[in-house]
Amino acid sequence: MSRARLAVALALGLLLGVLLLFGFAGIELDTPLRAADRLLVEPTRLVSRDAALEPDGAGLQVVGADAQGISLLLQPVEPFEAGRYRHFSLALRDLPPVLRALLVWRVDGELRAMPIPGLFHGRATLDLAGVDGWRGRVDAIGFALLPTDYLAAEPSRQRRFGFERGSLATDSWGGALHALVTQWTAYRPWNGRSNNTAGFELSATPGPSLQAFVAGLLAITLLLALVLGGRRALRGSAVVAIALALGLLAARQAAQLVMRAQVASSAAAIAADHPQWPLAAQPQLGHEALQLSARLDPSPPPRLLVWSEDRFLREYPTWLLRRFNAASLHTPAQLTELGQALPGSVLVLAGDGGWEYDQAAARLSLHGLDLSATLLLHGSLLQAYRLDEAGR
Amino acid sequence: MTAAVLPGFALLVTGLFGGAIWLLLAGWPRQRAGWWLALGEGYLLGALLIGNLLWMAGALTTEGLFLRSLPWLLAVAAVAAGLAWWGRQPAPAVPDTVDSAVTRRLAALGLLLLAALWLVILAQAWALPTLTWDAWNAWLAKAKAWHHAGAMWPVVELSLWLESAPESQLSAVAAPYPEALPRYATWLASAAGRWRDGDVHLAWPMLWLALGASLAGALRLRGAGRLAALAAAGFLLTLPMVTAHAGLAGYADLWLAAALLAAGHHASRFIAGERRAALPALAFTLLLPTIKLEGAVWMPMLLAGVGLWKLPPRWRWSALAGAVALLLLPLLLWRSIRLPLPGLGPVEFEWGAITVPVVGRLDLFWRDVGGTVAESLFLLPNWSLLFYLLLPVIAWRWRRIAEPANAMLATVLLSGTAFLFVLFFFTDAARWAENLTSLNRLVLHLVPLLVCWLALLLLPARPAVRGRWR
């Protein structure tokens, strides 16, 4: 390929690449012509009910959290229409890896929230266009920090991190590009769907697709090579271009794995110091299952039946309590089979109701059954009863 | 010894045992590349064989299971390795692929990066509890129950469990699922002498490593340079779905995918004239249904693919037409046909429906899930650029598909794709595509073999040298 053709190819490639990037970032070309506006989140006006706020230079030190492990910081503002601002930026420092962040705002006295991706390295910009709930008149804005979902609230409450700055801004090219880069490089936590699909770690709707963008760039590169340099140029550039594209996506995945390993190791270290609060898919269930285990004699292991209207709540405790001879009831119809349960069996009920227990009479009423039972545990998610002889 | 050393030792024993059996089946490697395969597929074979042997042994006590089995496993390994060494053949006349100094250095760098990534995956699997649904509900549920019960009691449906005497049976939601993996997990836990999720999880990062070694070894034996083989392995190992199944340990899908790759590429060597490859191909094929029920679908497809491409060309298409007619004729005459499929039982095919004993009746009609499937394959960060590159590579290298070894793999992959298409577009399984649950996991089963096949198409054509690919 001659130098002139190469220059044309580079210029065209750059132009098409920038247009593609603008398309993925949702950038409108006339944005710079519109008036810009910014609303600052100010350290002196942020308030928190449960976390202590200490001035630290131009920012703040935030210490502690509430019983749910949440450090919520809100700033009351002059009410404004949500649609006025498109981007939210936040800069924190010394953020423990096990914490995740939410943008929080108040409309009509109701708090709304959405995850802020990308704070793993302290800085993030969020694109609010099309966000469910970002509408109405906003009268308070702020953020919340809470533990990663497999770490319990209690052992994560002792925390200290710094707030540097935060702001809401109207639409801008810079904001849109930063939001896109944040979205593509953000730490994406493992979630309950991770073994089935990726893409839903940050919200229910996946953001702009990085690999579609990379595939687009690749197509532009190869097309330009073919049109301007012929088959020979295509052959020469294809291997390099494809290797670079695949390498970029592989590097992004490797970076994700490094961040995930960092979070997992930090959470495991915290949980190791708090043996009563093990890591679990639902940490409160893990804690209560541990409490129940301590109250049961494992030799010989009692039979244990778990029931809940919710499938996760009837099957996950069975896993946690597998050191006993445990089983989940699959359907309400199987509750009638409880009559066959041997005396001494333990019935674990998970969730928020569908049964009544009369402690004085030691009777448990459940889906039309009346069982003689002794209360073993009354937790916020798990209740356990030993079925007595008369319960058969 | 620290807590991590004991399960680590059990993993080493798995590799030694499986590696020795692999050497016996595939023959003593005559090229360095063959050792990559021995390492990767050896670990896979070892884990699956140990799981299956324990499955056959029934209700064993789990106390000291690892130590009780250790002398037997090592003795069998020693005998198998000795026999393989005794039967070894001289190195091939054709030299190993020669790489330049630059590609050797780049390959070493790539290897280092992959090793670092393995440590990162290992750290997660070790630190995290069992988090994902099927891991705690199906694949590790029996293993944990057996470990705590102290014996591998039968695992039965709830009603049977309620009727049974205490301390004789266990219950799990996935009672009828194959038990090779849960049994192997119990064996690992017995090595550690305790149940800790992270100990058992270590088998999954090892599988990730084994998968990479298997693919790189398979490609090296087919003439790929060091860097090309490593690049293909690196691509496979960094696919987001592959890393998810390695780091979030506990699912059986990556095992099935690795076994299908091993079975498929050995089968393709067999088609290319390497008779000895038939043994590892057959071993891994037979192991498929013992990993997961879907293995019972992949197994006949693989056997049919090998059978088809082993036939003389003049009989091939008439045999295929005959087989199709044999299947269609009873459907036309009696409107149904019942085929016994290993692992699935007697499967009944009718016009508009398929009845599988463990699944039930599947009514066949079109479901519009194309958008979700395309989104999952192309837009969501599941498969990097794999499916973007698929058609261009086929279009560019279509002449190489005609080579029998590649054509056999194409037949298997095409029939696998057709199965998934019918499953997700014509049955109630469409809802698993719609909610993105099992869609990608079933695609994952085929992906390592697909990557291997694409890499084989991209390799420069070489004359096959008999006796060289070992």
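Here the structure is a predicted model, which is why all the values come from computation and not from measurement.

1. Some thoughts on the overall build of chain B
Of the regular secondary structure elements, chain B holds 22 helices and six strands. In terms of C-alpha radius of gyration, chain B reaches 22 Å, essentially the compact-globule figure of 23 Å for 470 residues. Dimensions of chain B along its principal axes, counting C-alpha atoms only, are 65 × 60 × 45 Å. Across the 470 residues of chain B, 58% fall into the buried class. Across chain B, the fraction of contacts at a sequence separation of at least 24, relative to all contacts at a separation of at least 6, is 75%. With an accessible surface of roughly 18700 Å², chain B has 72% of that area assigned to carbon and sulfur atoms.

2. Regarding the pattern of salt bridges
One side chain can pair with another of opposite charge once the charged atoms of both are near each other. Residues and elements named next belong to chain A. One pass over the full model with this rule turns up 34 salt bridges over all chains. Ionic pairing is found between R34 and E28, a salt bridge with its closest N-O pair at 2.5 Å. A salt bridge links E110 to R112, with the shortest nitrogen-to-oxygen separation between them at 3.8 Å. You can call E110 partly exposed: its relative accessible area is 42%. A residue is classified by how much of its surface remains accessible, and R112, at 18% relative accessible area, is buried.

3. Quick notes on a nonpolar patch on the surface
Taken together, B:W317, B:L320, B:V324, B:L328, B:L329, B:L332, B:L333, B:W334 and B:W351 make up a surface patch of nonpolar side chains, about 1000 Å² in accessible area. Along the chain, B:L320 falls in helix α16 (residues 313-334).

4. Some words on the packing of aromatic side chains
All told, the structure shown has 33 aromatic pairs over all chains when counted by the stated rule. An aromatic cluster of at least three residues, connected via ring pairs, comprises B:F9, B:Y43, B:F66, B:Y184, B:W187, B:W204 and B:W255. The ring centre of A:W190 lies 3.9 Å from the NZ or CZ of A:R260, which sits over that ring. Over the face of the ring belonging to B:F270 we find B:K310, whose NZ or CZ atom lies 4.4 Å from the ring centre.

5. Let's talk about the sheet that holds strand β12 (residues 325-328) of chain A
Pairing between sheet strands relies on hydrogen bonds along the backbone, with the strands arranged either parallel or antiparallel. Residue and element names in this part refer to chain A. One open sheet accounts for seven strands, arranged β12-β11-β13-β17-β16-β15-β14; its pairing is mixed. With one partner strand each, in any of the chains shown, β12 and β14 (355-358) form the two edges of the open sheet. Put simply, the sheet's adjacent strands are angled 35° from each other on average, direction ignored. With four bridges connecting them, strand β15 (residues 363-366) and strand β16 (residues 369-378) associate as antiparallel partners. Among the inter-strand pairings, L364 is bridged to a residue of β16, identified as L371. In the packing of helix α4 (residues 283-295) onto the sheet, contacts are made with β13 (346-350), β16 and β17 (382-387), and the angle to β16 comes to roughly 100°.

6. Here we look at the interface of chain B and chain A
Of the residues lining the interface, 62 residues belong to chain B; the matching set on chain A comes to 58 residues. Buried surface at the junction of chain B and chain A, summed over both partners, amounts to about 5100 Å²; 65% is from carbon and sulfur atoms. The interface formed by chain B and chain A contains zero salt bridges. At the boundary of chain B with chain A, the tally comes to 22 residue pairs in polar contact (both at pLDDT 80 or more). Looking at the side of chain B that touches chain A element by element, the count peaks at six residues for helix α4 (residues 101-127) of chain B.

Rules and cut-offs
- Residues numbered from 1 in each chain as written.
- Chains lettered and ligands numbered in written order.
- Predicted model: local features only at pLDDT ≥ 70, side-chain atom pairs only at ≥ 80, totals over all residues.
- Heavy atoms only, no water.
- Helix = DSSP H or I, 4+ residues; strand = E, 2+ residues; numbered from the N terminus.
- Rg over C-alpha atoms; globule rule 2.2 N^0.38 Å.
- Buried < 20%, exposed > 50% of the residue type's maximum accessible area, 1.4 Å probe, protein only.
- Contact = heavy atoms within 4.5 Å.
- Areas by Shrake-Rupley, 256 points an atom, 1.4 Å probe, with all protein chains shown as cover.
- Salt bridge = Lys/Arg side-chain N within 4 Å of Asp/Glu carboxyl O.
- Patch = residues over 30% accessible without salt bridge, like charges linked within 9 Å, V, L, I, M, F, W, Y side chains within 5 Å.
- Phe/Tyr/Trp six-rings, centres within 6.5 Å; stacked < 30°, edge-to-face > 60°.
- Lys NZ or Arg CZ within 6 Å of the ring centre and 35° of its normal.
- Pairing = 2+ DSSP bridges.
- Axes fitted to C-alpha atoms, helices over the stretch in contact; angles between N-to-C directions.
- Buried area = accessible area lost by both parts, 1.4 Å probe.
- Polar contact = N/O pair within 3.5 Å; in protein donor to acceptor, adjacent residues only side chain to side chain.

Nothing here speaks to function; it is geometry throughout.
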